[in-house]
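# Coordinate inspection notes
This is what each chain is made of:
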Amino acid sequence: QVQLVESGGGLVQAGGSLRLSCAASGRTFSTYVMGWFRQAPGKEREFVAAISGSGGTTYYADSVKGRFTISRDNAKNTVSLQMNSLKPEDTAVYYCAVRRAEVVGALRSRTHRTDFGSWGQGTQVTVSS
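A brief look at the structure comes next. Here, residues in each chain are numbered from 1, in the same order as that chain's written sequence. Two thresholds apply to this predicted model, a pLDDT of at least 70 for residue-level local features and 80 or more for giving and counting side-chain atom pairs, whereas whole-chain, interface and lining totals are computed over all residues. Hydrogens and water are ignored here; the side-chain numbers use all heavy atoms of the structure.

For two strands to be treated as a pair, DSSP must find no fewer than two bridges joining them. Numbering of helices and strands runs from the N terminus, with a helix taken as a DSSP run of H or I at least four residues long and a strand as a DSSP run of E at least two residues long. With respect to topology, four strands assemble into an open sheet ordered β1-β3-β8-β7, the strand pairing being antiparallel. Looking at strand neighbours, the two that pair on one side only are β1 (4-7) and β7 (68-73), the edges of this open sheet. Strand-to-strand, the axes of this sheet are offset by a mean angle of 15 degrees, without reference to chain direction. As defined by bridge partners, strand β3 (residues 18-24) adjoins strand β8 (residues 78-83) across six bridges and the pair is classed as antiparallel. The residue of β8 that forms the bridge with Arg19 is Gln82. Geometry is summarised by axes, namely lines fitted to C-alpha atoms with helices restricted to the contacting stretch, and by angles between N-to-C directions that run from 0 to 180 degrees.

Put into structure tokens, the structure is as follows:
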């Protein structure tokens with residue numbers, strides 16, 4: 001079981017930026033497809049972004065495309081989410097997750113929360129208007 005710990009959340013004004021990080025345990029981190037999800041109060045957990053094991057392929061939800069950037073450092077077992085031009089509707093608890101090993105296919109075709117297994121505890125992002 002991979003252990004994940006997110007950090008970097010906080011309160012920011014609309015138009016501002018935050019960088020989230022997720023530290024993962026495990027010696028095979030570079031084989032994991034990693035994803036970021038978010039969950040706002042009263043809403044389902046939704047996909048934000050995903051990145052392949054090598055970092056060469058990324059995919060984003062339409063709502064964040066052009067504003068958020070997912071990246072990873074396999075030497076440090078970390079995945080990050082740079083969030084720019086933040087909007088109040090980006091307010092949510094953000095989670096990183098590992099795609100389940102038995103799930104195959106392109107990043108864009110596997111974005112449901114059930115495609116992902118191990119989850120971190122989440123980090124709160126609040127964007128004020």
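Anyway, onward from the coordinates.
Pairing of aromatic rings covers Phe, Tyr and Trp, the last counted by its six-membered ring, and requires centre-to-centre distances within 6.5 Å; plane angles under 30 degrees mean stacked, over 60 mean edge-to-face, and any other angle means tilted. If you walk through the whole model with that rule in mind, you get six aromatic pairs. Ring centres of Phe37 and Phe116 lie 4.9 Å apart, and the angle between their planes is 70 degrees; this geometry places the pair in the edge-to-face category. Of this pair, Phe37 sits in strand β4 (residues 34-39) while Phe116 is found in strand β10 (residues 116-119), placing the two residues 79 residues apart along the sequence. Summary of the burial criterion: residues with accessible area below 20% of their type's maximum are buried, those above 50% are exposed, and those between are partly exposed, where the area comes from a 1.4 Å probe applied to protein chains only. Taking relative accessible area as the criterion, Phe37 reaches 0% and is therefore assigned buried. Ring centres of Phe37 and Trp119 lie 5.0 Å apart, and the angle between their planes is 70 degrees; this geometry places the pair in the edge-to-face category. A residue pair is termed long-range when its members are at least 10 positions apart, and Phe37 in strand β4 and Trp119 in strand β10 qualify at 82 residues. Judged by its relative accessible area of 25%, Trp119 falls in the partly exposed class.

The tendency in soluble globular proteins is for nonpolar side chains to be buried as a group. Side-chain atoms within 4.5 Å are what join buried Ala, Val, Leu, Ile, Met, Phe, Trp, Tyr and Cys residues into a set we call a nonpolar core. Counting 36 residues, the largest nonpolar core has Trp36, Leu81, Met83 and Tyr94 as its most contacted members. Listing elements by their share of this core, those giving two or more residues are β3, β4, β5 (46-51), β7, β8, β9 (92-99) and β11 (123-128). If we skip the residues at most four places from it in the chain, Met83 touches Gly16, Ser17, Leu18, Leu20, Arg67, Phe68, Tyr94 and Val125. Here, two residues are considered to be in contact whenever any of their heavy atoms come within 4.5 Å of each other.

Right, let's talk about the environment of Val93 for a bit. By the secondary structure assignment, Val93 is in strand β9. The spatial distance from the C-alpha of Val93 to the C-alpha of Phe37 is 8.4 Å, given a sequence separation of 56 residues. Residue contacts for Val93: discarding those within four places in its chain leaves Phe37, Arg38, Gln39, Gly122, Thr123 and Gln124.

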